[in-house]
Protein chains: 2
Amino acid sequence: MQEFEIYDSKPLVEQVFNYLLTYVIDKKLEVGDKLPNEYELAEMLGVGRSTIREAVKLLVSRNIVEIRRGAGTFVSSKRGMVEDPLGLSMAKDREKLALDLVNVRLMLEPEIAAMAAKNATDEDIENLVRQCDKVESLIRAQKDHTQEDIKLHRYIAKCSKNQVVENLIPIINSSVFVFVNVTNSQLLEETIETHREIVDCIKRRDVEGAKYAMIMHLNHNRKVISKKYNAQ
Amino acid sequence: MQEFEIYDSKPLVEQVFNYLLTYVIDKKLEVGDKLPNEYELAEMLGVGRSTIREAVKLLVSRNIVEIRRGAGTFVSSKRGMVEDPLGLSMAKDREKLALDLVNVRLMLEPEIAAMAAKNATDEDIENLVRQCDKVESLIRAQKDHTQEDIKLHRYIAKCSKNQVVENLIPIINSSVFVFVNVTNSQLLEETIETHREIVDCIKRRDVEGAKYAMIMHLNHNRKVISKKYNAQ
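These figures come from a predicted structure and were not determined experimentally. Numbering of residues starts from 1 in every chain and runs along the sequence as written. All chains are assigned letters beginning at A, and all ligands numbers beginning at 1, according to the order in which they are written. Per-residue local features of the predicted model are confined to residues with pLDDT of at least 70, and side-chain atom pairs are confined, for both listing and counting, to 80 or more; whole-chain, interface and lining totals are unaffected and use all residues. Each side-chain value is worked out from all heavy atoms of the structure, with water and hydrogens disregarded.

Trainee: A description of the overall build of chain A should follow, citing residues and the corresponding values.
Mentor: The number of helices and strands found in chain A is 9 helices and 2 strands. Counted from the first residue to the last, chain A has its helices and strands arranged as α-α-α-β-β-α-α-α-α-α-α. Relative accessibility decides the category of a residue: with a 1.4 Å probe and only protein chains considered, values under 20% of the type maximum give buried, values over 50% give exposed, and everything between is partly exposed. Put simply, chain A has 232 residues, and 50% of those count as buried. Residues are treated as being in contact if the distance between any of their heavy atoms lies within 4.5 Å. Of the contacts made within chain A by residues no fewer than 6 positions apart, 69% connect residues no fewer than 24 positions apart. For chain A, the exposed surface amounts to about 11900 Å²; the carbon and sulfur share of it is 49%. Under the scheme used here, helices are H or I runs from DSSP no shorter than 4 residues and strands are E runs no shorter than 2 residues, and both carry numbers assigned from the N terminus. Residue-level accessible areas treat just the shown protein chains as cover; the underlying method is Shrake-Rupley with a 1.4 Å probe.

Set out below in structure tokens:
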């Protein structure tokens, strides 16, 4: 049984919250894994069920676990990530925001592509090629490729093996589509080509090639955004 | 009075939430500004007070406004930012996380320092110098300088005039202190010196100087973290 420090200045609910968070991490629970139920946790920790319930609510609000009614509490697929984490819904000038976002992508993603070429596993590369094909098919079929495009960039970040950028890149790239109204319908061919080049470079471990392919890819977008911003 | 699209597929509470968010942005309300009260909003929007209350709750949960009991609803100083937005509380290897975080800082902050040297206003620079003095005094007095150090890096990001990094840098730098146990007690002199050099370069508009001073500053930290990681 866990000993709670009764002299701890933190409220009991917060202590239980921290304990459960550590539990999820230390037991290496994965997305979809089930936590012990309320009764078991109350027993394990020697606290009341209402305290457990409040702590679990905190975990839910932080997107760490999710409750499936009648089934129990599970590790959330959102992995602790929240909506609009950058607070960009507060931004005032959307055209400027679009430019700021692509500038931040240019600081991060070329470096990430280089790290991906260095650190990707063979399995990573298979996933990358498959995802690249998927985006290309959607574009060719004139369907919306936004979500799959974001996923491709997330996969590249995953290949880098830097666990911060794996979470950071989807946040930034989703922001582009949530907060900015960018029509890049004129960039479809460029998107297909430069995506393909990035993935090819990663595949053949061409570190610099991957970096500069990513710069080209992002700069196609930047040029469109910059033109809009300057036309304001 | 605001006309709500009754055929809008979004629930009424969400429509009111979006309306209020736009209201805060369009009226250019600043941190601490007061919103109209529940009665006034209900009247303005032609919806029930319970709908207003639910929408305001959503704004509170997103850290966009805060309720001060008996006083009213105010624009929150958290400016729409949330706790642990990168979901790093789920990270398993803390030593690796420390290295990943400093690597991400190295992708972003040198570029940001360069942009700061280019775009800072005279007022920005005054604030920067004051904040740099503050951090130095705390270090000299052997007091905890963490929060003021994070603030200095946020001020530098603010000087860049890229509104994404202004929100992003505090998130990343707070994560360093929340999730990573880095004692850089041996780096106090280096911290004072390199902070001073960064601020001096920004002050005299030395774009490259600011960039490379930031690289030096971060690399002092990186070396300590890297040694720990490799000693695992």
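Right, picking up where we left off after that structure.
Trainee: So what's going on with the domain arrangement of chain A? Which residues, and what values?
Mentor: A domain assignment, automatic or from a database, supplies the domain bounds used here. Along its sequence, chain A is carved into domain 1 (12-75) and domain 2 (88-230). Here domain 1 of chain A and domain 2 of chain A have C-alpha centroids that lie 35 Å from each other.

Trainee: How would you explain the nonpolar core if you had to name every residue and give the values?
Mentor: In terms of nonpolar packing, the biggest core is built from 76 residues, with A:Leu108, A:Ile156, A:Ile202, B:Leu108, B:Ile156 and B:Ile202 touching the most fellow members. When neighbours within four sequence positions are excluded, B:Ile202 is seen to be in contact with B:Ala113, B:Ala116, B:Ala117, B:Ala120, B:Ile125, B:Leu128, B:Ile156 and B:Ala210. In this description, a nonpolar core means a group of buried Ala, Val, Leu, Ile, Met, Phe, Trp, Tyr and Cys residues linked to one another through side-chain atoms lying within 4.5 Å.

Trainee: If you had to explain the side chain of B:Arg105 to someone new, which residues and values would you point to?
Mentor: Residue and element names in this part refer to chain B. Inspection of the secondary structure puts Arg105 in helix α4 (residues 94-119). Counted as a polar contact is a pair of N or O atoms within 3.5 Å, where, for protein atoms, one must be capable of donating a hydrogen and the other of accepting one, and residues adjacent in sequence contribute only when both atoms are in side chains. In this structure the side chain of Arg105 is engaged in a polar contact, spanning 3.5 Å, whose partner is the side chain of His153. In contact with Arg105, other than residues within four places in its own chain, are Pro110, His153, Ile172, Asn173, Val176 and Leu218.

Trainee: Lay out the state of the cysteines with the relevant residues and their values.
Mentor: To count as a disulfide, a pair of cysteine sulfur atoms needs to be within 2.5 Å. Taken as a whole and judged by the stated rule, the model has 0 disulfides over all chains. Looking at the unpaired A:Cys201, the closest cysteine sulfur is the one in A:Cys132, lying at 12 Å. For A:Cys201, a relative accessible area of 2% corresponds to the buried category. Sulfur of B:Cys159: no disulfide; nearest cysteine sulfur belongs to B:Cys132 and is 12 Å away.

Trainee: Tell me about the packing of α4(B) against helix α9 (residues 207-230) of chain B, residues and numbers included.
Mentor: Residues and elements named next belong to chain B. Only C-alpha atoms enter the line fits that serve as axes; for helices the fit covers just the stretch in contact. Angles between N-to-C directions range over 0 to 180 degrees. α9 packs onto α4 with a crossing angle of 175 degrees between their chain directions and a minimal axis gap of 7 Å. Considering the angle they form, α4 stands roughly antiparallel to α9. The nonpolar class holds Ala, Val, Leu, Ile, Met, Phe, Trp, Tyr, Cys and Pro. Asp, Glu, Lys and Arg form the charged class, and all remaining residues, Gly among them, are polar. Among the residues making up the contact of α4 with α9, the classes are represented as 15 nonpolar, 3 polar and 9 charged. In this scheme, roughly parallel covers angles under 35 degrees and roughly antiparallel covers those over 145, while 65 to 115 is roughly perpendicular and the rest are oblique.

Trainee: Summarise the packing of α4(B) against helix α6 (residues 146-159) of chain B; cite the residues concerned and give the values.
Mentor: Residues and elements named next belong to chain B. Interhelical geometry of α4 versus α6 gives an angle of 55 degrees and a closest axis separation of 7 Å. Relative to α6, α4 is oriented oblique. In the packing of α4 onto α6, the handedness of the crossing is left-handed. For the pair α4 and α6, the contacting residues are Arg105, Glu109, Ile112, Ala113, Met115, Ala116 and Asn119 in the first and His153, Ile156, Ala157 and Cys159 in the second. Along the lines of polarity and charge, the residues of the contact of α4 with α6 split into 7 nonpolar, 2 polar and 2 charged. Left-handed describes a crossing whose near helix is turned anticlockwise from the far helix by less than a right angle; the clockwise case is right-handed.

Trainee: Describe the packing of aromatic side chains, with residues and values.
Mentor: Residues and elements named next belong to chain A. Within 6.5 Å between ring centres, the rings of Phe, Tyr and Trp (the latter by its six-membered ring) count as paired, and their orientation is classed by plane angle as stacked under 30 degrees, edge-to-face over 60, tilted in between. The full count for this structure, using the stated rule, is 2 aromatic pairs over all chains. Relative to Tyr23, the ring of Tyr19 has its centre 6.5 Å away and its plane inclined at 40 degrees; by these criteria the two rings are tilted. Note that Tyr19 and Tyr23 are positioned in helix α1 (residues 12-26) at a spacing of 4 residues, about one turn of the helix. Its relative accessible area of 15% is what places Tyr23 among the buried residues. In our convention, an over-ring charge means Lys NZ or Arg CZ found within 6 Å of a ring centre and within 35 degrees of that ring's normal. The residue whose ring lies beneath Arg68 is Phe74, and the NZ or CZ to ring-centre distance is 4.0 Å.

Trainee: Which residues make up the side chain of B:Asp149, and what values go with them?
Mentor: Position of B:Asp149 among the secondary structure elements: in helix α6. One buried charged side chain, B:Asp149, makes no salt bridge at all; its nearest oppositely charged neighbour is B:Arg105, positioned 5.5 Å away. In this tally, Lys and Arg are treated as positive and Asp and Glu as negative; His is ignored, and so are the chain termini. Salt bridges, as used here, are contacts in which a Lys or Arg side-chain nitrogen is within 4 Å of a carboxyl oxygen on Asp or Glu.

Trainee: Before we move on, can you summarise the confidence of the model for chain A with the specific residues and values?
Mentor: All names here are of chain A. In predicted models, pLDDT denotes the confidence assigned by the predictor to each residue on a 0 to 100 scale. Residues at a pLDDT of 70 or more form 87% of chain A, whose mean pLDDT is 86. Per-residue pLDDT stays below 50 along residues 5-9; that stretch engages in 2 contacts with residues further than four places along the chain or on separate chains. Of the two predicted TM-score estimates for the complex, the pTM is 0.71 and the ipTM is 0.70.

Trainee: Give a description of helix α4 (residues 94-119) of chain A that names residues and reports values.
Mentor: The end-to-end C-alpha distance of α4(A), which contains 26 residues, comes to 36 Å, matching closely the 38 Å that a straight helix rising 1.5 Å per residue would cover. For α4(A), the principal kink sits at A:Leu106 and spans about 30 degrees; a proline, A:Pro110, occurs within the next four residues. To estimate how far a helix should extend, the number of its residues minus one is multiplied by 1.5 Å. The seven residues ending at a residue and the seven starting there each receive a fitted axis; the angle between those axes is the bend at that residue.

Trainee: Mind laying out the pairing of strand β2 (residues 72-75) of chain A, listing which residues take part and the relevant values?
Mentor: In short, DSSP must find at least two bridges between two strands for them to pair. Where strand β1 (residues 65-68) of chain A and β2(A) come together, 4 bridges link them in antiparallel fashion. Counted as the bridge partner of A:Ile67 is A:Thr73 from β2(A).

Trainee: Which residues make up the environment of B:Ala113, and what values do they have?
Mentor: Residue and element names in this part refer to chain B. Positionally, Ala113 belongs in helix α4. Classification of Ala113 by relative accessible area gives buried; the value is 0%. Along the chain, Ala113 and Val75 lie 38 residues apart, while their C-alpha atoms are 29 Å from each other. Residue contacts for Ala113: discarding those within four places in its chain leaves Ile156, Ile202, Ala210, Lys211 and Met214.

Trainee: Requested: an account of the pattern of salt bridges, with residues and values cited.
Mentor: Applying the stated criterion across every chain, the model contains 32 salt bridges over all chains. A salt bridge links A:Glu38 to A:Arg53, with the shortest nitrogen-to-oxygen separation between them at 3.2 Å. Highlighted residues: A:Glu38 in helix α2 (residues 38-45) and A:Arg53 in helix α3 (residues 49-61), separated in sequence by 15 residues. Taking relative accessible area as the criterion, A:Glu38 reaches 25% and is therefore assigned partly exposed. On the basis of relative accessibility, which here comes to 39%, the residue A:Arg53 falls in the partly exposed class. B:Lys161 is the salt-bridge partner of B:Asp124, the closest N and O atoms lying 2.7 Å from each other. Taken together, the positions of B:Asp124 in helix α5 (residues 122-140) and B:Lys161 in the loop between α6 and α7 (163-179) put the pair 37 residues apart, joining distant regions of the chain. For B:Asp124, a relative accessible area of 9% puts it in the buried group.

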